[in-house]
Each structure stands twice: as C-alpha cells, then as structure tokens.
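Commentary on secondary and tertiary structure
As a plain string of letters, each chain reads:
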Amino acid sequence: MDQTTTARTRTVAVLGAGGAGKTTLVEALALRAGLTTRAGTVEDGSTLSDHEPEEISRQISLNLGVVPISWTAADKKTYDLTFLDTPGYLDFAGVVDDALAAADLALVVVSAVEGVQTGTYLAMEAAAAAGVPTMIVVTKEDKQRADFRRVLDDLRNAFTRAHLVPLELPVGEEEAFTALADLLAEDAVTYDANGSKRIALPDSVGDEAHEMHEQVVEEIVSGDDDQLERYLSGEVPTAEELGQTLAAEVCKGEATPVVVVSGTTGVGADRLADLVCELSPSIDARNATVLAGDAPIEVAPDPSGPTLVHAFRTMADPFVGQVTLLRVLSGTLKPGDRLVNQTTHTEERLPGLFRLKGKEHLPVTSAIPGQVVAAAKLTNTPAGSLLSPKGGAGKDLRAKALPVRQGVYAVSLEPVTQSDDDRLSAALSRLVAEDRTLTVDRVGDRTVLRGLGDTHLAVALERLARVFTVHVTTSAVPIGYKETIAKLASAEGKVKKQSGGHGQYAVVLMRVSPLPRGEGFKFVDSVVGGSIPRNYMSAVQKGITEAMSGGGVHGYEIVDIQVDVYDGKAHSVDSSDMAFRTAAALGVKEALAAGGSVVLEPVSKVLVTVPNSAQGDVMGDLSTRRGRINDTVSLDDGMVRIEASVPESELTRYILELRGLTGGRVALEIHPDRFEICPEHLVQSAE
C-alpha cells in the first residue's frame, strides 16, 4: 500500500437496486484479485461485505461494505482499488450518499434478468447529484431469462442523457455465457477453468459486434474534436486511443460505459477490474473539492503537501467502539498524527490506521491522497468532517454538504428496564452518529426515533440491542392534538375554604375567547379598582397557563385563547397566591365548558416527488387522506413535485404506502405547518 501512487488509486462506490448482484460482484472481484480463496455467498452469509448479523439474517446489504483490492491491470501496473458496497434497499439511501462522497467512480449494477428497476433510477440520480462519474455493469448474465440486449435498450430509453457507451457483448447467455466480445478491440475473451484468453470474434456475434464497434467508435470520437476530425478524414483510431478518449469523457461525466459480467461464475470480472483502472478518474484527474465559506476550492492531492483528511462515515464496532472511515485528500496520513477537526475544532489523535476488509482490520503504516483507511475512537469527528494539522492550511475548510434525507417514519420508544432507561440517551446518540438519517426527538414525554422507513428503524433497534445492549419496546408516535375554545365565554373561578386557622379565598372573573391559529395565548388584565390586588395578578396568569397545559375537555393542551381578567374578589387574610392560581385554573375550565371546546389537529406541508405516470394515483391517494393539493410542478426527467397539506394523523405510514403506490421511485418531505379544527366525527377516534 505504501508504494501506491495517487494516479493508481481508485475508490469505487457500488450502487444499484436491491438484489441486482452488487455484493456477489464484489466477491467475484475479490476472488479474481486473490484477496480471498473462495467467493462467499449472500445465501450462506459468508460474503466480505455483508457480515453484520442483521444483514445475514435478511440476506440484504444494510451497511457500507469496504473491500480493498490490489489489482495488476492490463498495463502491468498495480492499482489500489477500494470498493464500497452499498445497500440497494430504499431505507438506506444515506449509506449511498456517504459512499459517493468518497468515490472516484460509481458502478451502477443492473440485473440482466430484472433490468432497469427503481433502484437503478435512484442510483443514477444519486451519482449525478454527487457529481461522480458512472459505469453501468450488467450482472447475472448467466441466470435464466438473462437478456443483455433488452436491458441495454431499456437503459438507453431510461437514461437518454447519460451517453451510454456499450463496450462488451455477451457471447451466449444464461448457462452458455462463457465469453464476451470486446467492442473496442473487435475480439473476444473466453473463460474456462484455466482462466481467460483472447480469441477471434465467434461467428455468432461477429456481424453484430462489428456493427456495434462502428457505432461505439462514432460515439467516443464525437466527444473529441481533434479525434473526430481525423476519423472523418479516414484515420481509424486504435483501441488504445479510443480508451484514452473515453476515459477523458468518463472523467468529465460525458459518457457512461456499459459492460457485462457474471458475479457467480466470474466471467468478465477481470475485464471489469481492468476497465475500472483504465477508464475511471483518479484523485489526480478529479481533484477533491471542499468549501471555504461558501466558495468551492480544489485540493491538490500532493502526498508531500499539507495533510487534509475527509471523515466520510462512522460505524459502531462492538469490540473497538466507533470506527471512522477516512479518505486522504492531501498529504500523507500516519499513525500517531494529531489533527484538528474543522467542524468541532477539537484535536484528535490517530493511535493507529487500518484498512477494512469486510469485518477484518488490516493495519497500515501510512495513507496517501485517494486512499481510504479507518481509525478507531475518533469520538469528536462526525461524518462529513475535515481533519488537518493544528494551524495548518485546512483551517476553516469544510466538506460539501450531503443530501438531506428527512426521517419520514417514526416510532415511540419505551425502555424495558430502568437500566435501559439510564443508558438509552447515550446509546441513541451513538446510533445517530453512525447513521445521520436517523434522528431522535421528544413528543410530549415520549422519546421518538425517526428514519427512512420501517426496515430502517427495525435494523437500528436491533443494533441498539446488539451493539449497545439497550432494549426498548415500540409504539405509534402520539399525534400532537390540541384544544381551543369554540366561542367567547365568561366564567367565574372561585376558591372559598374556611375550616379553622388560615382559609383560602379568591374569586377571578374572566372572559375567554378564541385567537387566530398559531397565536398561542394572550393575557389581558382589565381589573380596575383593586378588586384583585396587583401582587396576585402573576399568580392568576400562572394558574391560567397551568390549566392550559393540563388540558381541556378532551385532555389536550389548550392553545390560541385570550383570557381577559376583568374583576374578582380578595380577602385581606385568607387570600394567597395559591388561592388565586387555583381560582384562575378553575375559571379556564368553566369557560371551556361554557364556550365549547374544539380539537385542533396538526397539519403538515407534504412535498412528494414522483414520475409523471404516478401523479394521478398519488393525488387521488392524497385526497383520501383529507389532503388538499396546493401546487404541482413539472421537473426534469419526467418527474413532478406535488405540494399538499395533509393532517398528521394520515401520515403515520404514508412513506410505506407511497412506495407501494409508486414502485419506490419517490422522494417525500413532511414539514409541520399549522393546526386546523379536527372534524367532529374523527375526534372520538383521536382520543
């Protein structure tokens, strides 16, 4: 690792729909590179990437799998590749964001059987938003019903702006997939038990490959004016020249190569690794960009320059505690270095550096720009931080902000034992530090955990129990209903108690009226003539606010009322602060009984972004939820954003049902907005 150059270092995020074959592909690459002697499988829980118990039991990726590979490419040079295997399940989009923040290239994996799926769209959109070049890898070509050509057509129809450049054709499909045609070199690579070798194009694909070669050459040279001019004059570029031009286009995001592999048999895996080395940009080609204030600046990846390190993800390890993944942007990072976090302004010492190989820790002695390493116990370094030496050039720099993934699904937590209660807050803080798409807040006296979906929270709570040994039960989050008075009402609050010694005496006369929504509470002192002594008025006001927080007829907090205290009575001996507090509280309750109490329900502003084809279904569904459509806006790439106002009680499982309605291709934001009167026929169910 120490002899690697920045030009031969790559960090590759592996994205795509759940079940497309991402983890199996990484296993095939690790096997071909000699990192393992036997490829693990998702079914038996033996893969490098998916080693957490929650992943093994569900047979899906839930966290970031890190697999470092040393690869000797076709140019005979050795490259340092770090593959970041990401979940395809929608609830774990935050992991994808973290991986892309450190990636030079995104491999978007597409199944040759299922083809373009919702996860494919989301992966391509996420890579584009992060500004990361892409390569599409069509996998499962050895499976029944595999059809590369159909999938290629679907990809072209789905991603018209991606400038797709197919570089390979399968020679045979399903069980017969044992070779592939190289469209640039116009030959084939065949695989058997002894490895791979190049052969002439088989007759079965010869004509098709030659025709596609011409198309691919034209697509590549069209992005380079000089090469295009030579091509039009009759000069035929070599495969090497085409590769160099394509690499430049990939670096600029102007082209997306498409290749084909089988993760199970390994056919095409070595070609994929070679193409990653050849076509993907290094940190030398695409300098890392950070922010100085709001201004973006590029960081030169100089191993002898000032140290600047990006902490792009944290993970909780049950044995060593918090593990922070680091990507070096500049300088050479070594164990024992002391660096200052530019977000928290605290100093961190790196006692040791290691690379993650799945769950294994492989110690290293240094890391240069472009490489990904890890360090333990950096307790003051949240994901997204930049680290640099004290007083160094990295001062006041920060990483580019990641997409905001709002928690749209929530559960209320109840600790099982007192010991769990004592440790819950600290454990949740560590859980949230590991996963920024989780948030914790309070609703009344309840602790509420919010995330991206039901599976997201289920996994989080399993980790809470396994890693932090804190056990909780869950329930629905209570809806924050409130009450107000229906109409103006007058009331008398009276306390009269005399039973020997000091008695209690106070009379408060008040008028209680409704205020506009959101006004809260207004207290008016209209007393004249001293019927209530001035020194008791603060007690009167306190009694009113206590009665409001204690709840009205339906038991909910009282809001949006004006209380005008206009008269009262006091006793020279028996009156007290307590007596007037009590009398004022009784007056509020009497006024609510006389004027009538109405329940107010919280209403949220909802923003739903879906494909145009789902607009009608989503708007119809919102109407059944008592929603009011406020606006619709057509966006790029056939998407539409719908803005609506919807009662909070109708949104508790909305994200789950919305995904079912749209096939999962949806973005949802929910923002608390205002309170409105709850329909009378729903008040009983609310209680």
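Please read these numbers as outputs of a predicted model, since none were measured by experiment. (Residues numbered from 1 in each chain as written. Predicted model: local features only at pLDDT ≥ 70, side-chain atom pairs only at ≥ 80, totals over all residues. Heavy atoms only, no water.)

Let's talk about the overall build of the protein chain
The criterion, for reference: Helical segments are the DSSP runs of H or I of at least four residues, strand segments are the runs of E of at least two, and each set is numbered from the N terminus. The cut-offs for exposure are 20% and 50% of the maximum accessible area for each residue type, with area from a 1.4 Å probe on protein chains only; residues under the lower value are buried, those over the upper are exposed, and the others partly exposed. We call two residues in contact whenever any of their non-hydrogen atoms come within 4.5 Å of each other. For the accessible areas, the method is Shrake-Rupley and the probe is 1.4 Å, while residue cover comes only from the protein chains on display. Residues counted as positive are Lys and Arg, residues counted as negative are Asp and Glu, and His and the chain ends are not counted. By convention, charge coordinates are those of NZ in Lys, CZ in Arg, CG in Asp, or CD in Glu.
Counting secondary structure elements, the protein chain contains 16 helices and 36 strands. The principal-axis extent of the C-alpha atoms belonging to the protein chain is close to 110 × 60 × 50 Å. Burial statistics for the protein chain: of 687 residues in total, 52% are counted as buried. Across the protein chain, the fraction of contacts at a sequence separation of at least 24, relative to all contacts at a separation of at least 6, is 72%. For the protein chain, the accessible area works out to roughly 29400 Å², and carbon and sulfur atoms hold 49% of it. When the 65 basic and 96 acidic side-chain charges of the protein chain are each reduced to a single mean position, those positions are 9 Å apart.

Regarding helix α4 (residues 118–130)
Which entries qualify depends on this criterion: By definition here, a helix of n residues has an expected span of 1.5 Å times n minus one.
With 13 residues, α4 should reach 18 Å at 1.5 Å per residue; the first-to-last C-alpha distance of 18 Å fits that figure. The inward-facing, buried residues of α4 contact β1 (9–16), α3 (93–100), β4 (105–111) and β5 (134–139). Immediately downstream of α4, the backbone of Gly-131 shows phi near 70 degrees, a positive value.

A short note on the packing of aromatic side chains
Here is the rule we go by: Any Phe, Tyr or Trp ring, taking Trp's six-membered ring, that has another such ring centre within 6.5 Å forms a pair; planes under 30 degrees apart are called stacked, those over 60 apart edge-to-face, and the others tilted.
Using the criterion set out here, one finds 4 aromatic pairs in the structure. Taken together, a centroid distance of 6.3 Å and an interplanar angle of 50 degrees make the contact between Tyr-89 and Phe-92 tilted. In this structure Tyr-89 comes out as partly exposed when scored by relative accessible area, which is 37%. Geometrically, the ring pair formed by Tyr-536 and Phe-580 is stacked, given 4.8 Å between the ring centres and 25 degrees between the ring planes. Here Tyr-536, found in the loop between β30 (521–525) and α12 (537–550), pairs with Phe-580, found in helix α13 (residues 577–595); they are 44 residues apart in sequence, far enough to count as distant.

Quick word on the sheet that holds strand β10 (residues 195–199)
This is how it is decided: Paired strands, as defined in this entry, are two strands with at least two bridges between them according to DSSP. What counts as an axis is a line fitted to C-alpha atoms, over the stretch in contact for a helix, and the angles between N-to-C directions run from 0 to 180 degrees.
The strand order across the open sheet formed by 4 strands is β7-β8-β9-β10, and the pairing between neighbours is antiparallel. This sheet does not close on itself; its edge strands, each paired only once, are β7 (168–171) and β10. With direction set aside, neighbouring strand axes in the sheet form an average angle of 25 degrees.

Regarding the pattern of salt bridges
Put simply, the test is: The salt bridge definition used is simple: a Lys or Arg side-chain nitrogen within 4 Å of an Asp or Glu carboxyl oxygen.
By the definition in use, this model includes 40 salt bridges. Between Arg-271 and Asp-182 there is a salt bridge; the shortest N-O distance is 3.2 Å. Residue Arg-271 is located in helix α9 (residues 269–279), and its partner Asp-182 is located in strand β8 (residues 179–182); the two are separated by 89 residues in the primary sequence. The same class applies to Arg-271 as to Asp-182, namely buried. In this structure, the salt-bridge partner of Asp-441 is Arg-450, at a minimum N-O distance of 2.8 Å. Among the charged side chains, a salt-bridge network with shared partners connects Glu-52, Glu-54, Glu-434, Arg-463 and Arg-466.

A word on helix α8 (residues 239–251)
Side chains of residues three or four places apart in an α-helix project in the same direction, reflecting 3.6 residues per turn. When the terminal C-alpha atoms of α8 are compared, their 18 Å separation across 13 residues agrees well with the 18 Å that a helix rising 1.5 Å per residue should span. For α8, the full list of buried residues reads Leu-242, Gly-243, Thr-245, Leu-246, Ala-247, Glu-249 and Val-250. Residues of α8 that are buried in the fold lie against β4, β6 (164–166), α6 (203–221), α7 (225–232), β11 (256–260) and α9. Looking one or two residues beyond α8, the residue adopting positive phi is Gly-253, at roughly 75 degrees.

Quick notes on the nonpolar core
Formally: What is meant by a nonpolar core is a set of buried Ala, Val, Leu, Ile, Met, Phe, Trp, Tyr and Cys residues, joined one to another through side-chain atoms within 4.5 Å.
Of all hydrophobic cores here, the largest spans 103 residues; its most connected members are Phe-83, Leu-100, Leu-107, Ile-136 and Leu-272. Residues contacting Leu-107, with those up to four places away along its chain left out, are Val-12, Ala-13, Val-14, Leu-15, Phe-83, Met-135, Val-137, Leu-272 and Val-276. Judged by nonpolar contacts, the second largest core, of 37 residues, contains Leu-428, Leu-438, Val-467 and Ala-644.

Topic: empty space enclosed by the protein
The criterion, for reference: Lining residues are those with an atom within 4 Å of a point, where the points come from a 1 Å grid over the protein atoms alone and group into cavities, where a 1.4 Å probe fits but cannot get out, or pockets, open sets with protein on both sides within 12 Å along at least five of seven lines. Grid points are joined across faces, edges and corners, and a volume is the space filled by probe spheres set on the points. Here the term charged refers only to Asp, Glu, Lys and Arg, the term nonpolar to Ala, Val, Leu, Ile, Met, Phe, Trp, Tyr, Cys and Pro, and the term polar to all other amino acids, Gly among them.
Using the criterion set out here, one finds 3 cavities of 30 Å³ or more in the structure. Considering only enclosed or pocket space, the largest cavity measures out at about 180 Å³ in volume. For the largest cavity, the lining is made up of 16 residues, of which Leu-62, Asn-63, Glu-434, Val-459 and Arg-463 are closest to its centre. Taken together, the elements giving at least two residues each to the lining of the largest cavity come down to α2 (53–58), α10 (418–434) and α11 (454–468). Among the elements that line the lining of the largest cavity, the one with the most residues is α11, at 4 residues. Residues of the lining of the largest cavity, tallied by class, amount to 7 nonpolar, 2 polar and 7 charged.

Quick notes on the side chain of Glu-249
As for its placement among the helices and strands, Glu-249 is situated in helix α8. Summary of buried charges: Glu-249 has no salt-bridge partner, and the nearest side chain of opposite charge, Lys-252, is 6.9 Å away. For Glu-249, the contacting residues outside a window of four places in its chain are His-163, Glu-219, Ile-220, Gly-223, Asp-224, Glu-254 and Ala-255.

Considering the sheet that holds strand β32 (residues 561–569)
Sheet architecture is open: 4 strands sit in the order β28-β29-β32-β30, paired in mixed fashion. The open sheet terminates on both sides in strands that have one partner only, identified here as β28 (489–497) and β30. Averaged over neighbouring strand pairs, the angle between their axes works out to 25 degrees when direction is ignored. Where β30 lies against β32, 5 bridges are found, and the strand directions are parallel. When the bridges of β32 are listed, Val-524 appears paired with Asp-564. Helix-sheet contacts for α12 involve β29 (504–514), β30 and β32, and the interaxial angle to β30 is about 150 degrees. Taken strand by strand, α13 contacts β28, β29 and β32, and its axis lies near 145 degrees from that of β28.

Quick word on the pairing of β8
Side-chain direction in a regular strand flips from residue to residue, so the side chains alternate between the two faces of the sheet. Neither face of β8 is left uncovered, since the one carrying Ala-179 and Ala-181 and the one carrying Leu-180 and Asp-182 both have all their residues buried. Where β7 meets β8, 4 bridges bridge the pair, whose relative direction is antiparallel. Paired with Val-171 across the bridge in β8 is Ala-179. By the bridge criterion, 4 bridges tie β8 to strand β9 (residues 187–192) in an arrangement that is antiparallel. Across the sheet, Ala-181 pairs through a bridge with Ala-188, a residue of β9.

Thoughts on the environment of Leu-167
Topologically, Leu-167 is positioned in the loop between β6 and β7. Given a relative accessible area of 2%, Leu-167 falls into the buried group. It is 5.9 Å that separates the C-alpha atoms of Leu-167 and Val-258, two residues lying 91 residues apart in sequence. Leave out the neighbours within four places in its chain, and Leu-167 touches Ala-181, Asp-182, Leu-183, Leu-184, Leu-246, Pro-257, Val-258, Val-259, Arg-271, Leu-275 and Leu-279.

A closer look at the environment of Val-618
Tracing the backbone shows Val-618 in helix α14 (residues 615–624). Val-618 sits in the buried class, given a relative accessible area of 0%. The spacing of Val-618 and Ile-642 is 24 residues in sequence and 8.7 Å in space, taken between C-alpha atoms. Aside from chain neighbours lying at most four places away, what touches Val-618 is Val-608, Val-610, Ile-642, Tyr-654, Leu-658, Leu-661 and Thr-662.

A look at a negative patch on the surface
In plain terms, the rule: Two joining distances apply to patches: 9 Å for like charges and 5 Å for nonpolar side chains (Val, Leu, Ile, Met, Phe, Trp, Tyr), and every residue must have over 30% relative accessible area and no salt bridge.
The grouping of Glu-414, Asp-421, Asp-422 and Asp-445 at the surface amounts to a negative patch. Among the secondary structure elements, Asp-421 is positioned in helix α10. Take Asp-421: its relative accessible area is 40%, and that puts it in the partly exposed class.

All we've got here are geometric facts, nothing functional implied.
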